[in-house]
Amino acid sequence: EQIAVSPYGGSGALPNDLSFVDWERKTVLNASDLGNDYSAKQIFRRLGLDPLQAEKLPVEIHQEQQQKKRRHYKKL
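Residues numbered from 1 in each chain as written. Predicted model: local features only at pLDDT ≥ 70, side-chain atom pairs only at ≥ 80, totals over all residues. Heavy atoms only, no water.

Caption draft 1: Local environment of the nonpolar core. Core analysis: the largest hydrophobic core is formed by six residues, namely L18, F20, A31, A40, I43 and F44. Within the residue set of this core, elements represented by two or more residues are strand 2 (17–22) and helix 2 (40–46). Among the elements that line this core, the one with the most residues is helix 2, at three residues. (Core = buried A, V, L, I, M, F, W, Y, C linked by side-chain atoms within 4.5 Å. Buried < 20%, exposed > 50% of the residue type's maximum accessible area, 1.4 Å probe, protein only. Helix = DSSP H or I, 4+ residues; strand = E, 2+ residues; numbered from the N terminus.)

Caption draft 2: Structural detail: the environment of A31. When you line up the elements, A31 lands in helix 1 (residues 31–34). Using a relative accessible area of 1% as the deciding quantity, one classes A31 as buried. Here the alpha-carbon distance between A31 and F20, two residues 11 residues apart in the chain, equals 7.1 Å. Discounting chain neighbours no more than four positions away, the residues touching A31 are D17, L18, F20, Y38 and S39. (Contact = heavy atoms within 4.5 Å.)

Caption draft 3: Region of the structure containing the pairing of strand 2. Here strand 2 lies mainly inside the structure; five of its six residues are buried. In this antiparallel pair of consecutive strands, strand 2 and strand 3 (residues 27–30), the connection spans four residues, and K26 shows a positive phi of 55°. (Pairing = 2+ DSSP bridges.)

Caption draft 4: Molecular detail of the sheet that holds strand 2. Pairing is antiparallel across the open sheet formed by three strands, whose spatial order is 1-2-3. Of all the strands in the sheet, the pair left with one neighbour each is strand 1 (3–8) and strand 3. The average undirected angle you get between the axes of adjacent strands in this sheet is 25°. (Axes fitted to C-alpha atoms, helices over the stretch in contact; angles between N-to-C directions.)

Caption draft 5: Seen up close, unusual backbone geometry. Residues other than glycine seldom take positive phi values, yet K26 does so here, at roughly 55°. Mapped onto the secondary structure, K26 falls in the loop between strand 2 and strand 3. Judged by relative accessible area, K26 falls into the exposed class, the value being 73%.

Caption draft 6: The arrangement of the packing of aromatic side chains in detail. Scanning the model with the defined rule gives one aromatic pair in all. Consider the rings of F20 and Y38, whose centres lie 6.1 Å apart with planes at 85°: the pair is edge-to-face. In this pair, F20 is assigned in strand 2 and Y38 in the loop between helix 1 and helix 2, connecting sequence segments 18 residues apart. (Phe/Tyr/Trp six-rings, centres within 6.5 Å; stacked < 30°, edge-to-face > 60°.)

Without other data, these values stay purely geometric and don't point to any function.
Spelled out as structure tokens, the structure:
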């Protein structure tokens, strides 16, 4: 299946909402039509992108995550 995700809305680095385009069935669904699990906020969290950190560059976020992992392993 060919499904595309189209972000829209919001003034920050991350959009407020997502549309899912099913090219095979020629339909478009908003995330709100699919339920809370498909909201932009939940999708970005699953991808490791915290909407509260949207102003940071992806490299900065990655560095912070690596530092947290190192601190965790040092405690073990």
